[in-house]
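As a plain string of letters, each chain reads:
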Amino acid sequence: MKLFMIRHGQSQANVDRVYAGHVDTPLTALGCSQAQAIRPVLEKISFDKVFTSDLHRAWDTQKNAMPFAVAEPTRLLREFDVGSLAGESFIWHKDKIAMDRDYTSYGGESVIDVCNRLDLFLEQLQQSTCENVAAFTHHGVVVCMLRKILGAGFDSSLLHSENCAIHVFEYSEGKWRLLAWNYMNPLF
C-alpha cells in the first residue's frame, strides 16, 4: 500500500506566523492555488480511499486538489493541539518547542500523543486492502510519520514539510518506509 500524505496549503496562520493547532484557520488565496497546482499529479493516481483532517485548512486543500473525490474527515489526522499557544507568535516560544514538540504545559499535546493518534489511523489502513490512499493533513502529523520510520531520536527540525507537498510512504511486509519527501512542491 502507498500512502500519499499531503500537507495543507498556505493558511492565514502560516502567513501570520502564529500557532494554529486545532483552531480553524482558512487557506489563503495562495494556499488554494497551491492545492490546485498539485491536482494534475493526483489525478493520475487511482486512489482507493481519500482521508482528510477535519480542520478546514486540510479539508479545503483536498477540495481544491481533488474536487473529483469524496474525502472522509477524521480527527486522527489533526495537527498538534497547541493549547493556549493557539494564535500566539512562533517567535516567543519556538526554541524550546521546536526541540521536543511538547505542548502539554500549555494544555495541548505531546509528540507521543499525536504519534499515538497517527498509529490508530495507520492500523485501520493496514487492515484494509487499499493500494493507494491520500491523506490531507498537517506538518506535525507528517513529522510523526517520519518519526515512526526513523525512530524517536529523529531531529524533526532538520526537515520541513512544505505547504501542499506530497510525501509518499509505502507499507510492505509489516513496515512503513519513505518513498518521496516534498514531492511536487508547488513553489510560487
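The structure presented is a predicted model; accordingly, all values stated were derived computationally and were not measured.

Draft legend 1. Region of the structure containing the nonpolar core. If you look at the biggest cluster of nonpolar residues, it comprises 28 residues, and the most contacted ones within it are Leu-3, Met-5, Leu-118, Phe-121, Leu-122, Leu-125 and Met-145. Broken down by secondary-structure element, the contributors of at least two residues to this core are strand 1 (2-7), helix 6 (111-126), strand 4 (132-137) and helix 7 (139-150). Top contributing element to this core by residue count: helix 6, with seven residues. Not counting chain neighbours up to four residues away, the residues in contact with Leu-3 comprise Phe-121, Leu-122, Leu-125, Val-133, Ala-135, Met-145, His-167, Val-168, Phe-169 and Trp-176. Ala-35, Val-41, Met-66 and Cys-164 belong to the second largest nonpolar core, which has 18 residues in total.

Draft legend 2. The arrangement of unusual backbone geometry in detail. Phi is positive for Arg-17, close to 55°, though the residue is something other than glycine. Take Arg-17: it is sitting in the loop between helix 1 (12-16) and helix 2 (29-37). Using a relative accessible area of 46% as the deciding quantity, one classes Arg-17 as partly exposed.

Draft legend 3. Region of interest: helix 2. Restricting attention to buried positions, one finds in helix 2 the residues Gly-31, Gln-34 and Ala-35. For helix 2, the arc enclosing every buried residue in end-on projection is 95°, short of the 170-degree limit, so these residues lie on one face. Check the buried side of helix 2 and you find it contacts helix 3 (39-43) and helix 4 (56-65).

Draft legend 4. Inspection of the environment of Ser-53 at higher detail. The topology assignment puts Ser-53 in strand 2 (residues 49-53). Distance from Ser-53 to Pro-73, taken between C-alpha atoms, is 5.5 Å for residues 20 residues apart in sequence. A polar contact of 3.1 Å, which involves the side chain of Ser-53, links it to the backbone nitrogen of Leu-55. In this structure the side chain of Ser-53 is engaged in a polar contact, spanning 2.8 Å, whose partner is the side chain of His-138.

Draft legend 5. Fine view of the environment of Glu-72. As for its position among the elements, Glu-72 is in strand 3 (residues 72-74). Counting along the chain gives 19 residues from Glu-72 to Ser-53, while the straight-line C-alpha distance between them is 8.5 Å. Non-local contacts of Glu-72, meaning those with residues more than four positions away in its chain, are made with Lys-49, Val-50, Phe-51 and Thr-52.

Draft legend 6. Broad picture of the packing of helix 2 against helix 4. Following both chains from N to C, one finds helix 2 and helix 4 inclined at 45°, their axes separated by 7 Å at the closest point. On the basis of their axis angle, the class for helix 2 and helix 4 is oblique. Regarding helix 2 and helix 4, the two cross each other, and that crossing is right-handed. Counting all contacts with helix 2, which are made through Cys-32, Ala-35 and Gln-36, the residues of helix 4 involved are Thr-61, Asn-64 and Ala-65. Grouping the constituent residues of the contact of helix 2 with helix 4 by class yields three nonpolar, three polar and no charged.

Draft legend 7. Looking closely at the sheet that holds strand 4. What the six strands build is an open sheet, ordered 3-2-4-1-5-6; its pairing is mixed. The strands lining the two open edges of the sheet, one partner per strand, are strand 3 and strand 6 (175-183). Between one strand axis and the next, the sheet turns by 20° as a mean value, whatever way the strands run. Pairing analysis gives five bridges linking strand 1 to strand 5 (residues 166-172), with the strands arranged antiparallel. If you follow Met-5 over to strand 5, its bridge partner there is His-167. Taken strand by strand, helix 4 contacts strand 1, strand 2, strand 3 and strand 4, and its axis lies near 145° from that of strand 2.

Draft legend 8. Highlighting the state of the cysteines. Overall, the coordinates contain zero disulfides when judged by the stated rule. For the unlinked cysteine Cys-164, the closest cysteine sulfur is that of Cys-32, found at 9.1 Å.

Draft legend 9. Spatial organisation of the pattern of salt bridges. Counted under the stated rule, the structure contains six salt bridges. The partner of Arg-78 in a salt bridge is Asp-54, with the nearest N and O atoms 2.6 Å apart. Of the two residues, Arg-78 is situated in the loop between strand 3 and helix 5 (90-100) and Asp-54 in the loop between strand 2 and helix 4; the sequence distance between them amounts to 24 residues. As far as the burial class goes, Arg-78 and Asp-54 line up, both buried. Overlapping salt bridges bring together Asp-54, Arg-75 and Arg-78 as one network.

Here is what the cut-offs are and how they apply
- Residues numbered from 1 in each chain as written.
- Predicted model: local features only at pLDDT ≥ 70, side-chain atom pairs only at ≥ 80, totals over all residues.
- Heavy atoms only, no water.
- Core = buried A, V, L, I, M, F, W, Y, C linked by side-chain atoms within 4.5 Å.
- Buried < 20%, exposed > 50% of the residue type's maximum accessible area, 1.4 Å probe, protein only.
- Helix = DSSP H or I, 4+ residues; strand = E, 2+ residues; numbered from the N terminus.
- Contact = heavy atoms within 4.5 Å.
- Arc of directions from axis to C-beta.
- Polar contact = N/O pair within 3.5 Å; in protein donor to acceptor, adjacent residues only side chain to side chain.
- Axes fitted to C-alpha atoms, helices over the stretch in contact; angles between N-to-C directions.
- Parallel < 35°, antiparallel > 145°, perpendicular 65-115°, else oblique.
- Left-handed = near helix turned anticlockwise from the far one by under 90°.
- Nonpolar A, V, L, I, M, F, W, Y, C, P; charged D, E, K, R; others polar.
- Pairing = 2+ DSSP bridges.
- Disulfide = S-S within 2.5 Å.
- Salt bridge = Lys/Arg side-chain N within 4 Å of Asp/Glu carboxyl O.

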